[in-house]
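Chain by chain, the residues:
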Amino acid sequence: MDIRSFLIKKKSDEDNASAVLEPHTSTSVSAQNDSIAQKRNFKIEWLKQYRWLVYSRHLKGGLCKHCVVFRPVVKRGLLGAFIVSEFTKYKDFHFHAKKHMQSEWHRDSVSQSTDFLKIMSNKEKSVIDQLNTAQHSQIEQNRKKLVPILSSIIFCATHDLAIRGKLSCSGNFHDLLKFRVESGDSVLSEHLSTCHSKAKYTSHRIQNELILLSGNVLCDQIVREVNSSLSFSLLADETSDIAGIEQLSIGVRYVDSSKTIREEFIGFSALQTLDAVGIATSILTSVEKYGLDMNKLVGLGFDGCSVMAGKENGVQKIICDKYSKATFFHCASHRLNLVVNDLNAVTEIQNTVGVIKEVINFFRESVLRRKLATNIPLLCDTRWSAKYKSIRIFAENFINIKSVLEKLSHNNDSDFKVNTTTRTKAHQLSCATSTSQFIISLNIISKYSAQLEPVTNKLQGKSIDLYSVQNHIQDLLTIFNNNREQSDIVFNDIFNNSIFMAEKIGAEIKIPRITSKQKNRSNYETDSAEHYYRLSIFIPYLDSLISSLSRRFSSTNKIAFSISLLHPTNIKKYTINDFKEKIKLISDHYEIENMIEESNIWYQYWIDKNLIDSQCDEISFVDLLAHCEYYPAIFQILNIFISLPPTTCTIERSFSTLRRVKTWLRSTTGEDRLNGLCVKIYDMSIADIQKAADHRLRISAVDHL
C-alpha cells in the first residue's frame, strides 16, 4: 500500500470513529447510503455551519432539530428530508441544506422553538398571556381598588364600629370611604366615579364576603402552623350570645417553629343540641372544615361539667375513643374557682361573701351612692381574678365603707338626702358588717384571696404548662399546710388586725352566746375570743382549702404527667430503673420511635451536669427544647407535653369578644360574619389584605369589578 492510500484510509477510520449524535460534538460520523455503493462521510463542519443540524445514529442520517420537535403544518406538498426522514445524500448536502433553510416550514419551526425557549426561561410571556395582557392589567387594577374597600371594613371591625347605618348606603363604612376620597385616595375615587352602579363592591353582601375571606386568610395561616407542628391540643367551651344561640368556641394550643407556645382562637360553631353527641359532632365537623391534621391531636381542654368531662358518655370520651393519643384535661382555672366555691361549706365564710356582694351592689346600683364610697369591682363568680380583687379592695376600704353606711342609715349627711328604702337597706348592711363573725371572716378571706390572686393571673397566661401549674399548686399547699400547723401564730396576726378594725368602726370582738344544745353554729366552750374564732372559722377554712386543692388538683392522666420526669428537677428524684419503667409507659402510649434509648442518654446527660436545685427550677420545659439537638424523640415528647392544655383561658377571652361584637343592635349577625369579626383580623398585614382581595377576585368568573 502506498503512502497516499494509507493516509486516505486513516482519515476515513478517524471520521468513522468520531460519529456524532448531538450538534456540538467535535467528531465526524460515517454514514451508509443504501442507493450508492460507495461510502459518503458526514462532516463535522456541517454541524458547525448549520446550527439546526443533528445526526441520528439510529437512522444514520441528518435531521433538523427544529422541524422534528415542532413539525410544521402541511399546506401543500409533502414533508421530506430533514423532517420525517433522515437525509443521507451527502454528495448534494449543501444544496439540499440551503434549500431546507429557505423553506417556509423551517422558518416557522425555528420561530416556534425560539419562542418556546424564551417562555421556558421566563424571558417572555406565552402567546396566551400576551393576548390577555389587557385582562391581567385589569385584574391588577381591580385588586388595587379592593384594597381600600377591604381595609376600611377592617378598620370598622377592629374599632367596634357599626359598618352600616339606618340605610345600607349610609353608616361608618361609607363615611370612611368618602373620607379616604377627600384625603386623596385617587384609586378609590376613580373606582367610585367610573364603576357601574351595581359593581361598587360596597354592598352588605360584599362586606360579609370580604370579612369572611379576611378571617379565612388568618385561620388558614394558623391551621398551616398547627399542621406543621409536631402536636397540638383542642380547646373548647360554650356560651350563649345576645340572641340566645349557644356558641361553641374552638381554639388550638401548639408549639410553633420558633419554639413559642401559641394558643389561638379559630372560630365559633352554633350548637343545635347541647348533649355530648351533638357537641362532639360539632367539634369534629369544625376541625374537619378547618383542615386540622387530627393525627397530631394529643390533648383536649374543656371545663368540668358532666356533658364535656363525662368519663362514660362525655364529649371528651367520644373524641378520645376516636383519637386514642388525645388526653382530657380539666381547666386549672375552673378547678381553682371550684376550690374557692368549696369554701362556702364554712357557714360564716358563706355569709360573709354574701354580705360583701350585697354591700357592693348597694353602692353600684346608684350613681349618687357610688360617689360616696370607693368604686369596688363586682364580686363575679365567673371572672376569676375579679373575685379576689373585689374582696381585697373591699377589705382595704372597709372602714370607709362602714362609715358611709352609718351615715346613710341615720341620714346625717345634709348634702345627700336618702329615702326610706335606702336608709333601711343601709341600716341592715351596717348591722351585718358590724358583727364579730363578719370582721374575722373578712380578714381571713382577704388574706388568702391576696395569695390566690397572683396564682389565678399566672394560670391565665399562654406560656404556662402543666408542670408549672402543678408546681404553683404544690407551693400553695405547702404554704397552707404550714399555716395550719402554726395556726395559733398565723391567726394571732389576723385577730389583732380584726380588733383594730373593730375599734375603728366602734364594734367589739366577742364570743357569741353559748348554749348547751346549739346545732346551727359553733359552740366551743372557751373564754378566749381568739381561741374561739380560731377553732370555729380559721381552722375549718384552712382544712377546707387544703382538702379541696388536694382533691381537685390530684395528678390524673398519669401517663401525660409522667412526661414531667424528663425535667432535670425530677430526674434526680428517680433511679435509672424507675425512670425506665415510667418512660416505657410513655413510649407505648405515644408510639415514639427510639424513645427509650434516647431517654437513657438524656437521664445520664442531666445527672452528669450535677445541677443544684435552684438551677434546675429555673429551667422551663420550653428551655429544654434547646438541649434536644441530638434527641429527636425527646424533642417530640417535650413538644407533646408543652402542647397539653393547662387552662382554657384563651377560649374564655373569645366570649368577651363575642359580647362586644354581637350586641343588641347586631343580634342578627350571621355565623360567617361573626367568625370573621371575632378572629384577630386586626393582626392582618398589607400582604394579608391583598391576599383576601385576590381571593375575592378569583371567586368572580371573569375577575373584574
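Bear in mind that the values here come from a model prediction, so they are computed numbers and not experimental data.

## Considering the sheet that holds strand β7 (residues 261-270)
Move 1: Taken in spatial order, the five strands of this open sheet run β7-β6-β5-β8-β9, and their pairing is mixed. The open sheet has two edge strands, β7 and β9 (327-330), and neither has a second partner. Neighbour-to-neighbour, the strand axes of the sheet open up by a mean angle of 25°, direction not taken into account.
Move 2: Inspection of the sheet shows strand β5 (residues 232-240) paired to strand β8 (residues 297-302) by four bridges, in the parallel sense. Counted as the bridge partner of Ser233 is Gly299 from β8.
Move 3: Contacting β8 and β9, helix α13 (residues 315-322) runs over the sheet at an angle of about 175° to β8.

## A short note on a nonpolar patch on the surface
Move 1: Taken together, Phe116, Leu117 and Met120 make up a surface patch of nonpolar side chains, about 340 Å² in accessible area.
Move 2: When its relative accessible area of 58% is taken as the criterion, Leu117 is described as exposed.

## So, the packing of helix α10 (residues 204-228) against helix α32 (residues 671-678)
Move 1: As a packed pair, α10 and α32 sit with axes 8 Å apart at the nearest point and diverge in direction by 50°. The orientation of α10 with respect to α32, classified from their angle, is oblique. Seen along the crossing, α10 lies across α32 with a hand that is left-handed. Note on element contacts: α32 touches α10 through Asp672, Arg673, Gly676 and Leu677, opposite Gln207, Asn208, Ile211, Leu212 and Gly215.
Move 2: Across the contact of α10 with α32, the residue classes break down as three nonpolar, four polar and two charged.

## Description of the pattern of salt bridges
Move 1: Taken as a whole and assessed by the stated rule, the structure comprises 14 salt bridges.
Move 2: The residue Glu358 makes a salt bridge to Lys425 at a minimum N-O spacing of 3.3 Å. On the criterion of sequence distance, the pair formed by Glu358 in helix α15 (residues 347-364) and Lys425 in helix α19 (residues 420-432) is long-range, its members being 67 residues apart.
Move 3: Here Lys584 and Asp588 are joined by a salt bridge, their closest N and O atoms 2.7 Å apart. Here Lys584 pairs with Asp588, and both are found in helix α26 (residues 576-590), just four residues apart, close to one helical turn.
Move 4: The class of Lys584 is partly exposed, set by a relative accessible area of 38%.
Move 5: Within the structure, one salt-bridge network assembled from shared partners comprises Glu225, Asp256, Arg262 and Glu264.

## Quick notes on the pairing of strand β4 (residues 61-64)
Move 1: Residue alternation in β4 divides its side chains into two sets, Gly61 and Leu63 and Gly62 and Cys64, and both sets are buried.
Move 2: Of the pairings in the sheet, the one linking strand β3 (residues 53-56) to β4 comprises four bridges and is antiparallel in character. Bridging across to β4, Leu53 finds its partner in Cys64.
Move 3: Between β3 and β4, which pair antiparallel in sequence order, lie four residues; one of them, Lys60, sits at a positive phi of approximately 60°.

## Quick notes on the pairing of strand β6 (residues 246-255)
Move 1: Within β6, nine of the ten residues are buried, which leaves the element mostly enclosed by the surrounding structure.
Move 2: The loop that links β5 with its antiparallel partner β6 comprises five residues; one of these, Gly244, has a positive phi angle of about 85°.
Move 3: Sheet topology note: the β6/β7 ladder contains nine bridges and is antiparallel. The residue of β7 that forms the bridge with Ile250 is Gly267.
Move 4: The hairpin formed by β6 and β7 contains five residues between the paired strands, and Lys259 there has a positive phi angle of roughly 65°.

Procedures and definitions
Residues numbered from 1 in each chain as written. Predicted model: local features only at pLDDT ≥ 70, side-chain atom pairs only at ≥ 80, totals over all residues. Heavy atoms only, no water. Pairing = 2+ DSSP bridges. Helix = DSSP H or I, 4+ residues; strand = E, 2+ residues; numbered from the N terminus. Axes fitted to C-alpha atoms, helices over the stretch in contact; angles between N-to-C directions. Contact = heavy atoms within 4.5 Å. Patch = residues over 30% accessible without salt bridge, like charges linked within 9 Å, V, L, I, M, F, W, Y side chains within 5 Å. Areas by Shrake-Rupley, 256 points an atom, 1.4 Å probe, with all protein chains shown as cover. Salt bridge = Lys/Arg side-chain N within 4 Å of Asp/Glu carboxyl O. Buried < 20%, exposed > 50% of the residue type's maximum accessible area, 1.4 Å probe, protein only. Parallel < 35°, antiparallel > 145°, perpendicular 65-115°, else oblique. Left-handed = near helix turned anticlockwise from the far one by under 90°. Nonpolar A, V, L, I, M, F, W, Y, C, P; charged D, E, K, R; others polar.

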